[in-house]
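Here are the chains, one letter per residue:
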Amino acid sequence: MALKSFIEVHPDSHFPIQNLPYGVFRPEPGSAARPGVAIGDYVLDLSEIASAGLFDGPILKNSDCFSQPNLNKFMAMGRSAWKEARATLQGLLSYTEPALRDNAALRQKSLVPMNKVEMLLPVAVGDYTDFFSSMHHAKNCGTIFRGPENPIPANWFHIPIAYHGRASSIVISGTDIIRPRGQGRPTGNTPPYFGPSLKLDFELEMGAIVGPGNELGKPVDVNEAANHIFGLVLLNDWSARDIQAWEYVPLGPFLGKSFGTTISPWIVTLDALEPFACDAPKQEPPPLPYLAEKISKNYDIALEVQIKPAGQEDSRVVTKSNFNHLYWTLTQQLAHHTINGCNLRPGDLLGTGTISGPEPESFGCLLELTWNGQNPLSLNGTSRKFLEDGDEVTLTGCCKGNGYNVGFGTCSGKIIPSHP
Ligand code: MN
């Protein structure tokens, strides 16, 4: 018998009782930020559920983790606490359990219509790292930036490559993105220019949110790494390609990336994603022993990007990809990150890198979709090489179950002009 909630959930909803993603919200303007889970068109206020004494399991009974303005404390408690919370919430929301179903006063206090709430960043992100884990993306970018001879760097099949991103400019879905200004160099040996980026792009990614961290000097074993990952969000790693192309040799991305990174508000847990686990691609050459996993897992998450061009009412889908295209797994990324002794902390964010598939329709950014502007994309009667002011980009992700979805909602942002 399928799990079912007393709250009516549309079959197309991303948030049935099988999902229960965590976020942080304000029920009304000016009220305190608090954790919640999404259920259908509602947000369940976990601070109210905790105050009512309904988290009665041994780990969460006396915890104040749900009266915090972010999820860091809960995430730091680890998988046994997450499992206990999930079991409690699936019980409370099920149609056979009266504790919340038949308590009108508590329902009134704790269930807030989703369209009334303000969503906030769900975690305080201390550090943000962005990987480069899709082979198709690595190959396409290498071909565009360095030429077709050796598009994938020699180290790529041995190392989950990454760079340290900027945590301070991570913003929640719905936040406008100001077009960055910076240096670019058009072609050949012409002098560099300075001004608003001429090649502003999105990147379709997902981000893993770290739960318990590791002590400085003590790497995480790749086979234990999943216990350090609380869940996933959608992530748009906005990129200024002209700034990036000119600055990134030899140290990698800097100002071409650090002006803004948008994440979706709901963190979908690995427990909710487990029914959608699938085998990761076979790795050839085999990775070094510290990256060799007993089980090498991806997830079947259908991903899509839509653009609503400036001044228009309708969006158009510009790419469809899937999380299962990643070559390096989340657990390999996390283990590699710590192998030199580097410590991760609760709330750290690990971006996957742009998730491109093998087909041109599945490329995860405009750099690839338009081949660096050579083949403009036609879009509702207009066309785009890169993003223009007023364009709005929306990422979505969803796992299709038998009669239900486990989805991520949306991750969107609109480009506004550079400051003069
Ligand atoms: Mn990226």
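Cut-offs used in this document
Residues numbered from 1 in each chain as written. Predicted model: local features only at pLDDT ≥ 70, side-chain atom pairs only at ≥ 80, totals over all residues. Heavy atoms only, no water. Pairing = 2+ DSSP bridges. Helix = DSSP H or I, 4+ residues; strand = E, 2+ residues; numbered from the N terminus. Donors = N, O, S within 2.8 Å, 3.2 Å for Na, K, Ca; no water. Buried < 20%, exposed > 50% of the residue type's maximum accessible area, 1.4 Å probe, protein only. Polar contact = N/O pair within 3.5 Å; in protein donor to acceptor, adjacent residues only side chain to side chain. Contact = heavy atoms within 4.5 Å. Salt bridge = Lys/Arg side-chain N within 4 Å of Asp/Glu carboxyl O. Axes fitted to C-alpha atoms, helices over the stretch in contact; angles between N-to-C directions.

A.B. asks: Describe the sheet that holds strand β20 (residues 302-308), with residues and values.
C.D. replies: Taking strand neighbours across the sheet as the criterion, the five strands line up as β9-β26-β25-β20-β21 in an open arrangement whose pairing is mixed. Only two strands of the sheet have a single neighbouring strand rather than two, namely β9 (177-178) and β21 (316-322). Sheet topology note: the strand β25 (residues 392-400)/strand β26 (residues 405-416) ladder contains eight bridges and is antiparallel. The partner of Cys 398 across the bridge, within β26, is Gly 407.

A.B. asks: Describe the coordination of the manganese ion, naming the residues involved and giving the relevant values.
C.D. replies: Distances from the manganese ion to its protein donors, Asp 130 (OD), Glu 203 (OE), Glu 205 (OE) and Asp 237 (OD), fall at 2.1 to 2.2 Å. Along the chain, the residues donating to the manganese ion are arranged with the sequence spacing D-x72-E-x1-E-x31-D. You can see Glu 203 sitting in the loop between β12 (200-201) and β13 (204-210) and its partner Asp 237 sitting in the loop between β14 (229-236) and β15 (239-240), a full 34 residues away along the chain. Residues Glu 203 and Asp 237 agree in their burial class; the two are buried.

A.B. asks: Kindly report on the side chain of Asn 405, identifying the contributing residues and their values.
C.D. replies: Mapped onto the fold, Asn 405 is located in strand β26. Here the side chain of Asn 405 touches Pro 11 through a polar contact of 3.5 Å, landing on its backbone oxygen. Of the polar contacts made by the side chain of Asn 405, one reaches the backbone oxygen of Asp 12; its length is 3.0 Å. In this view, Asn 405 contacts Pro 11, Asp 12, Ser 13, His 14, Pro 16, Cys 398, Cys 399 and Lys 400; residues no more than four positions away in its chain are not counted.

A.B. asks: So what's going on with the pattern of salt bridges? Which residues, and what values?
C.D. replies: This model, assessed by the stated rule, comprises 18 salt bridges. Ionic pairing is found between Asp 201 and Arg 241, a salt bridge with its closest N-O pair at 2.8 Å. Residue Asp 201 is found in strand β12, and its partner Arg 241 is found in helix α7 (residues 241-247); the two are separated by 40 residues along the sequence. Like Asp 201, the residue Arg 241 is buried in the burial classification. Salt bridges linked by common partners bring Asp 201, Glu 203, Asp 237, Arg 241 and Lys 257 together as one network.

A.B. asks: Kindly report on unusual backbone geometry, identifying the contributing residues and their values.
C.D. replies: The linkage connecting Val 249 with the following residue, Pro 250, adopts the cis geometry, with an omega of 0 degrees. With respect to the helices, strands and loops of the structure, Pro 250 is situated in the loop between α7 and β16 (261-263). The backbone of Trp 371 sits at a positive phi, close to 50 degrees, despite the residue not being glycine. Structurally, Trp 371 is set in the loop between α10 (366-369) and β23 (377-379). With relative accessibility at 25%, the residue Trp 371 sits in the partly exposed group.

A.B. asks: Go over the sheet that holds strand β3 (residues 42-45), please, and point to the residues and values.
C.D. replies: Taken together, the five strands give an open sheet; going across it, the order is β4-β3-β2-β1-β5, and neighbouring strands pair in antiparallel fashion. The open sheet is flanked by β4 (111-113) and β5 (118-120), the only strands paired with a single partner. This sheet shows a mean twist of 45 degrees between the axes of neighbouring strands, independent of strand direction. Inspection of the sheet shows strand β2 (residues 34-39) paired to β3 by four bridges, in the antiparallel sense. When the sheet's bridge partners are listed, Ile 39 is paired in β3 with Tyr 42. Contacts from helix α3 (residues 79-93) reach β1 (22-26), β2 and β3 within the one sheet, and its direction differs from that of β1 by about 65 degrees.

Structural measurements only, silent on function.
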